[in-house]
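Now for the letters of each chain:
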Amino acid sequence: EIKSYKRSSFEDDNNRQKGYASRITWEFVALVLLFFGVLYYSFRTINNEFKKWEENDHALRFNASVVQNMSDPIITIDENYLITNWNKPAEELYGYTEEEAKGKKVGDLLHTEYPVPYLSIENEFHEKNSWKGEVIHYHKNGTPLFVEITTSGIRSEKGENLGIVEVVRDVTERKKLQQQLQHL
């Protein structure tokens, strides 16, 4: 009877240990599956974010390339009115390199003279998100340049002000001809 009790006790212990081992094995398998599920989800999320980043990077490079390859001088300005981009035609027109122009205000760098009070131009710009008109800028060597500027606000998809882009056309020769015609 003692032998059978010990045997049955051993069998019960053995069955309990087998059940415990089986339960632990399934818990371990579940944890491994959960770990790989989280790992897969994280990989997919990171991969999708990386693709979005690549697409945004491509769009930014394309837009920067457009600005740099335009035949007209293009100036981009941030929300603090500081120059952020200045293409080659702007360098050729004004004599300043992009490095010299970046971080400065257009009006300060080019000593802008406006045909009307600046406040009225600013009000029109804020009302229409654009302004077009003629101003006088000064070349790095001090030569006055009559330019026509088309200014447009750059807005995010949410409507937030990101900055300004200015397209500049040198109309100095046209102004000189107009002045000559007036003197005839």
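An account of the accompanying structure is given in this report. Source: prediction; values computed, not measured.

**Focus on the sheet that holds strand 4 (residues 144–155)**
Reasoning step 1: Reading across from one edge, 2-1-5-4-3 is the order of the five strands in this open sheet, with antiparallel pairing throughout. Of all the strands in the sheet, the pair left with one neighbour each is strand 2 (83–86) and strand 3 (130–138). On average, each strand axis in the sheet is tilted by 25° relative to the strand beside it, whichever way the strands run.
Reasoning step 2: Contacts from helix 5 (residues 118–128) reach strand 3, strand 4 and strand 5 (161–170) within the one sheet, and its direction differs from that of strand 3 by about 145°.
Reasoning step 3: Contacting strand 3, strand 4 and strand 5, helix 6 (residues 172–182) runs over the sheet at an angle of about 135° to strand 4.

**A closer look at the packing of aromatic side chains**
Reasoning step 1: All chains considered together, the criterion is met by four aromatic pairs.
Reasoning step 2: Seen in terms of ring centroids, F35 and F36 are 5.4 Å apart; in terms of plane orientation they differ by 70°. Their pairing is edge-to-face.
Reasoning step 3: Judged by centre distance (5.8 Å) and plane angle (25°), the ring pair of F50 and W53 falls under stacked. In this pair, F50 and W53 are both assigned in helix 1 (residues 2–69), three residues apart and thus about one turn of the helix distant.
Reasoning step 4: A relative accessible area of 51% means that W53 is categorised as exposed.

Here is what the cut-offs are and how they apply
- Residues numbered from 1 in each chain as written.
- Predicted model: local features only at pLDDT ≥ 70, side-chain atom pairs only at ≥ 80, totals over all residues.
- Heavy atoms only, no water.
- Pairing = 2+ DSSP bridges.
- Helix = DSSP H or I, 4+ residues; strand = E, 2+ residues; numbered from the N terminus.
- Axes fitted to C-alpha atoms, helices over the stretch in contact; angles between N-to-C directions.
- Contact = heavy atoms within 4.5 Å.
- Phe/Tyr/Trp six-rings, centres within 6.5 Å; stacked < 30°, edge-to-face > 60°.
- Buried < 20%, exposed > 50% of the residue type's maximum accessible area, 1.4 Å probe, protein only.

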